[in-house]
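# A structural walkthrough
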Amino acid sequence: MTTRKRTLVVGLGNMGMSHALAYTRIDGFDVVGLCSPGIATKRLPAPLAGVATYTSFDEALAETRPDVVSINTLPDTHAAFAIRAMEQGAHVFVEKPLAETVADAQRVVDTAVRTGRKLVIGYILRHHPSWLRFIEIARTLGHPLVFRMNLNQQSSGPQWQTHQRLLSSLSPIVDCGVHYVDIWCQITTARPVAVHAVGARLTEDMRAGMYNYGHLHVTFDDGSVGWYEAGWGPMMSETAFFVKDVIGPRGSVSIVIAPGAEHVKSDDINAHTQTNQLLLHHAELAADGTFARADERLSTAGEPTHDDLCEREQRFLLRAIDEDVDLSAHMNDAVKSLKIVLGADESVRTGRVVSL
């Protein structure tokens, strides 16, 4: 029987609240503290009513003495908060990206190794059965591979306010790109060798020097290539905002919107993880030059919602703690994908191809 883990949740935005509620549904976690700068004015849902609240991370850490700290704050605090939590004996869940620099990300990983604490990074797609199936199929397409992916979000109101806060510390190709670059690196064992990217600042409503649209290109040492595009804001187009495609010599696999779901909008957070359908195309030709096999539409009905996936992440964390799961590959992959997207950010700012 698992020992219940005293859990401190830091940051109560969209992701933080989803994770906080996930802990309340799992037998093994007790939420003992909630920490957020504006928590005094936040209306908490019933499962979190009565939990101690804090505005200071250090005060919350000292008073709650947590076994687990869940970090869902802006990215510029991730590394420092994670290191402080592990130094005080807590296991850590931290939303992606792990840090603002590769060096800081490596410091977080090194701290986890040194302290023996478990560190789980919020790569939500790693817990999605349809995305795991997508990866499995893509691995059968041969080499080299072509990756084509984007996630543009036409945001307004509260969603644009959230994006503006994120833009105070990082660009869309860093924040969202780590998810999809991580998918590429799970599909191919090839080594990424270089990245080139371009970016555009389409609004003045953010930190000077930051861009809210970006497009990166990665090359791998087996000849595989990939592009990823991401943009945020009220000016973004809804046309082809969600492309998830892998092409190889034997065909292609794509995530497509199922008939009847065309109404899905780019600011729908569930649309960022749900796959609708997988479309598998076979490249094999018959003797007469026509396709030997018809395309296949693979159902992903019944797939988990965004909140379901947050719960799966936290169940993974609990199992890692209780069963002493080796998270070395998980942590190293997080540093690897961050290195690629931060290389892309450097490329945007310098106009140069960045060697990896």
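### A word on the overall build of the protein
Secondary structure assignment for the protein yields ten helices and 16 strands. In terms of overall size, the protein behaves like a compact globule, its C-alpha atoms giving a radius of gyration of 21 Å where 356 residues would be expected to give roughly 21 Å. Its C-alpha atoms give the protein principal-axis dimensions of about 75 × 50 × 40 Å. Residues counted as buried form 54% of the 356 residues belonging to the protein. Contacts in the protein between residues far apart in sequence, at least 24 positions, make up 72% of those at least 6 positions apart. Per element, the accessible surface of the protein, about 15,300 Å² overall, is 51% carbon and sulfur.

### Some words on the packing of aromatic side chains
Enumeration over the complete set of coordinates arrives at eight aromatic pairs. Summarising the aromatic geometry, the rings of tryptophan 131 and phenylalanine 134 are spaced 5.4 Å apart at their centres and angled 70° between planes, so their arrangement reads as edge-to-face. One end of the pair is tryptophan 131 and the other is phenylalanine 134, both in helix α5 (residues 129-138) and three residues apart, which spans about a single turn. Residue tryptophan 131 is classed as buried on the basis of its relative accessible area of 0%. Each residue in the set Trp131, Phe134, Tyr180 and Tyr228 is aromatic and connected to the rest through ring pairs, giving one cluster.

### With respect to the nonpolar core
Counting 108 residues, the largest nonpolar core has Leu119, Phe134, Leu216 and Val246 as its most contacted members. Here this core takes nine residues from helix α10 (residues 328-350), the largest share from any one element.

### Regarding the environment of isoleucine 321
When you line up the elements, isoleucine 321 lands in helix α9 (residues 306-322). Residues isoleucine 321 and arginine 117, 204 residues apart in the sequence, show an inter-C-alpha distance of 8.3 Å. Filtering out sequence-adjacent residues up to four positions away, isoleucine 321 remains in contact with Lys5, Val68, His91 and Lys118.

### Describing a nonpolar patch on the surface
A cluster of nonpolar side chains, namely Val146, Val225 and Ile247, defines an oily patch on the protein surface of about 170 Å² accessible area. Examined against the element boundaries, valine 225 turns out to sit in strand β11 (residues 225-233). Here valine 225 falls in the partly exposed class, since its relative accessible area comes to 34%.

### Points about the sheet that holds strand β6 (residues 119-121)
Read from one edge to the other, the open sheet built from six strands follows the order β3-β2-β1-β4-β5-β6, with strand pairing classed as parallel. One side of each edge strand has no neighbouring strand; the edge strands of this open sheet are β3 (53-54) and β6. By the bridge criterion, six bridges tie strand β1 (residues 5-10) to strand β2 (residues 29-35) in an arrangement that is parallel. Paired with leucine 8 across the bridge in β2 is glycine 33. Contacts from helix α2 (residues 57-64) reach β1, β2, β3 and β4 (68-71), with the element oriented near 170° to β1.

### Describing the environment of threonine 189
Note that threonine 189 resides in the loop between α8 (177-187) and β9 (192-200). For threonine 189, a relative accessible area of 82% translates into the label exposed. A sequence separation of 81 residues divides threonine 189 from valine 108, and the C-alpha atoms of the two residues are 25 Å apart.

### Quick word on the pattern of salt bridges
Here the structure, examined in full by the defined rule, presents 18 salt bridges. In this structure, aspartate 245 engages arginine 148 in a salt bridge whose closest nitrogen and oxygen atoms are separated by 2.4 Å. With a gap of 97 residues between them, aspartate 245 in strand β12 (residues 242-248) and arginine 148 in strand β7 (residues 146-151) connect regions that are remote in the sequence. Judged by its relative accessible area of 7%, aspartate 245 falls in the buried class.

Criteria and thresholds
Residues numbered from 1 in each chain as written. Predicted model: local features only at pLDDT ≥ 70, side-chain atom pairs only at ≥ 80, totals over all residues. Heavy atoms only, no water. Helix = DSSP H or I, 4+ residues; strand = E, 2+ residues; numbered from the N terminus. Rg over C-alpha atoms; globule rule 2.2 N^0.38 Å. Buried < 20%, exposed > 50% of the residue type's maximum accessible area, 1.4 Å probe, protein only. Contact = heavy atoms within 4.5 Å. Areas by Shrake-Rupley, 256 points an atom, 1.4 Å probe, with all protein chains shown as cover. Phe/Tyr/Trp six-rings, centres within 6.5 Å; stacked < 30°, edge-to-face > 60°. Core = buried A, V, L, I, M, F, W, Y, C linked by side-chain atoms within 4.5 Å. Patch = residues over 30% accessible without salt bridge, like charges linked within 9 Å, V, L, I, M, F, W, Y side chains within 5 Å. Salt bridge = Lys/Arg side-chain N within 4 Å of Asp/Glu carboxyl O. Pairing = 2+ DSSP bridges. Axes fitted to C-alpha atoms, helices over the stretch in contact; angles between N-to-C directions.

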